[in-house]
Amino acid sequence: MHAITYDTAAGFPGRCDVVQQFQGQAMWLFAGLGNPGERYAGNRHNIGFMALDAIAGASRAPVWRSRFQALASEAMIGNVRVILMKPVTFMNESGRAIGEVARFYRIEPANVVVFHDELDLPPASVRVKTGGGNAGHNGLRSASAVIGNDYVRVRLGIGHPGEKARVHTYVLSDFAKAEQPWVEDMCQAVADQAALLMSGDHAGFQGRIKAGMMAKGHSPKDTSDAKRIGDADKTS
C-alpha cells in the first residue's frame with residue numbers, strides 16, 4: 001500500500017511522488033461537463049453534472065468544494081480513489097479545469113473519464129468510447145486540447161432536435177417534466193455501475209445500464225421523441 005498525503009483543510013488527497021492506491025491501483029478522475037450556476041442546472045447540456053452528482057451521492061463523497069477551477073470532491077469507488085469534478089469554467093473551457101487536476105495528481109488520460117451529453121444517441125441510452133472524434137462538442141474539444149484525446153468518454157444520450165439550427169436552443173433548455181424520470185434513473189444507473197469503467201468493462205457497464213433502464217420501463221427513445229420535445233421547446 002502506498003502512503004497518501006491529504007490536504008486536510010480542503011478534504012482532498014494531496015499530491016504524492018507516486019499517486020497510487022490500494023493494491024497498486026492508480027488514482028482516477030471523473031469529470032462531468034456542464035455550465036455552472038442555477039440558470040443552467042436543469043439544461044440538457046448539463047447531464048454530465050447530473051451524472052457526477054449521482055456518483056457523488058452513491059459513493060457518499062464529501063460535499064463539493066471549490067478547487068481546481070471546479071467544484072470537486074473525492075470518493076472511494078470499489079477499491080479505487082477517484083477525484084470527482086464539475087468544472088466552473090463554462091463548457092467551452094472545461095479542459096482548463098480537467099488539465100489542472102490531471103497535472104496535479106499526475107493522472108494519465110487513460111484514467112480520466114468524462115461524462116457528457118450526446119446529441120447523436122437516443123435519449124435514455126449510454127455508450128462508452130475511448131478517444132475518437134469530438135463530434136462538435138466544445139467541452140470535449142477543450143479537454144482534448146489540454147490532455148490529449150486518449151481519455152474515456154461516457155456519452156449520455158439526449159437525442160437530437162432534428163435540425164442543426166435548433167441544437168443550441170435544445171441543449172441549453174431544461175429537460176421536460178416528462179423526461180425527468182429517465183434522466184434521474186439513467187444518472188443513478190451510471191453511478192451504480194461506475195466501478196466497471198475503471199476495470200475496463202465498458203460493454204458490461206453499457207449492458208447493465210440498458211438492462212436496468214428497461215426494467216424501469218425506459219427503453220432508448222426514438223429520435224422523433226427528441227424532435228417532438230425540441231418542437232415544444234421552440235414554441236414555449
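You'll find the structure just up there.
The rules behind these values
Residues numbered from 1 in each chain as written. Predicted model: local features only at pLDDT ≥ 70, side-chain atom pairs only at ≥ 80, totals over all residues. Heavy atoms only, no water. Phe/Tyr/Trp six-rings, centres within 6.5 Å; stacked < 30°, edge-to-face > 60°. Helix = DSSP H or I, 4+ residues; strand = E, 2+ residues; numbered from the N terminus. Buried < 20%, exposed > 50% of the residue type's maximum accessible area, 1.4 Å probe, protein only. Lys NZ or Arg CZ within 6 Å of the ring centre and 35° of its normal. Pairing = 2+ DSSP bridges. Axes fitted to C-alpha atoms, helices over the stretch in contact; angles between N-to-C directions. Contact = heavy atoms within 4.5 Å.

Caption draft 1: Focus on the packing of aromatic side chains. Applying the stated criterion to the full structure yields six aromatic pairs. Residues Tyr40 and Phe90 carry aromatic rings whose centres are separated by 6.0 Å and whose planes lie at 85° to one another, so their mutual orientation is edge-to-face. Residue Tyr40 is located in the loop between strand E3 (28-32) and helix H1 (47-58), and its partner Phe90 is located in the loop between strand E6 (80-87) and helix H2 (94-105); the two are separated by 50 residues in the primary sequence. For Tyr40, a relative accessible area of 17% corresponds to the buried category. Among the residues examined, Phe90 registers a relative accessible area of 40% and is labelled partly exposed. In textbook terms, an aromatic cluster arises when at least three aromatic residues are bridged by ring pairs, as seen for Phe68, Phe104 and Tyr105. Looking at Arg67, its charged tip hangs above the ring of Phe104, at a distance of 5.4 Å from the centre. Sitting above the plane of the Tyr151 ring, Arg153 keeps its charged end 4.3 Å from the centroid.

Caption draft 2: Spatial organisation of the sheet that holds strand E5 (residues 70-77). Taken in spatial order, the seven strands of this open sheet run E4-E5-E6-E3-E7-E9-E8, and their pairing is mixed. In the strand order of this sheet, the two ends are held by strand E4 (65-67) and strand E8 (126-130), each with one partner. Ignoring strand direction, the axes of neighbouring strands in this sheet form an average angle of 30°. Relative to E5, E4 runs antiparallel, the two sharing three bridges. Each bridged residue has a counterpart across the sheet, and for Ser66 the counterpart in E5 is Leu71. Contacting E3, E4, E5, E6 and strand E7 (112-118), H2 runs over the sheet at an angle of about 155° to E6.

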